[in-house]
Amino acid sequence: QNDQQNTQSNVTATSENMRIAEIALPGMICQSCVRNAEIAFRGMDGVFDATVDIETKKGEVVYDSVVTSAELLIQNPVIQAYDGKILSDQKYIP
């Protein structure tokens, strides 16, 4: 059983693990907010990409579901400051 546990802890990102979350960020008011949100998302473990749009006040985050979750993404203090809420969370299909 130890071998099985070791194998699971060494899982690398595969398309099976990748998800995309759409996050509402209604508290953003400027381009600096966009930059701060993108930096916050991209700095989190398991995040591969993040794009944020000031016009829609939404962000899309591609992440490894073995490492993190949409719930953890919105717990980031910067994202909380913009009142981040999960709009959708689904399997990522490149």
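Everything numeric in this text was worked out from a predicted model, so none of it was measured. (Residues numbered from 1 in each chain as written. Predicted model: local features only at pLDDT ≥ 70, side-chain atom pairs only at ≥ 80, totals over all residues. Heavy atoms only, no water.)

## Quick look at the overall build of the protein chain
Counting its regular elements, the protein chain contains 4 helices and 4 strands. Helices and strands appear in the protein chain in the N-to-C order α-β-α-β-β-α-α-β. By residue count, 35% of the 94 residues in the protein chain fall in the buried class. Look at the contacts in the protein chain between residues 6 or more apart in sequence, and 64% of them connect residues 24 or more apart. (Helix = DSSP H or I, 4+ residues; strand = E, 2+ residues; numbered from the N terminus. Buried < 20%, exposed > 50% of the residue type's maximum accessible area, 1.4 Å probe, protein only. Contact = heavy atoms within 4.5 Å.)

## Some points on the environment of V78
One can find V78 in helix α4 (residues 77–81). Given a relative accessible area of 31%, V78 falls into the partly exposed group. Placed 42 residues apart in sequence, V78 and N36 show a C-alpha to C-alpha distance of 7.4 Å. Apart from the residues lying within four places of it in its own chain, the contact partners of V78 are N36, A37 and A40.

## Describing the pairing of strand β2 (residues 47–53)
As paired strands, β2 and strand β3 (residues 58–64) are joined by 6 bridges and run antiparallel to one another. From the neighbouring strand, V47 faces β3, where its bridge partner is Y63. Hairpin connection between β2 and β3: a loop of 4 residues separates the two successive antiparallel strands, and K57 in this loop has a positive phi of roughly 55 degrees. (Pairing = 2+ DSSP bridges.)

## A short note on unusual backbone geometry
Glycine aside, residues mostly have negative phi angles, and peptide bonds mostly take the trans form. Its identity as a non-glycine residue notwithstanding, K57 has a phi of 55 degrees, on the positive side. Mapped onto the elements, K57 comes out in the loop between β2 and β3. A residue is classified by how much of its surface remains accessible, and K57, at 31% relative accessible area, is partly exposed. Even without a glycine there, the phi angle at D83 is positive, about 60 degrees. Its place among the elements puts D83 in the loop between α4 and β4 (85–91).

## Looking at the sheet that holds strand β1 (residues 18–24)
Strand order in this open sheet of 4 strands is β2-β3-β1-β4, and the pairing throughout is antiparallel. Across the chains shown, the open sheet's two edge strands, defined by having one partner strand only, are β2 and β4. Neighbour-to-neighbour, the strand axes of the sheet open up by a mean angle of 15 degrees, direction not taken into account. Where helix α2 (residues 31–42) meets the sheet, it contacts β1, β2 and β3, and its direction lies at approximately 165 degrees from that of β2. (Axes fitted to C-alpha atoms, helices over the stretch in contact; angles between N-to-C directions.)

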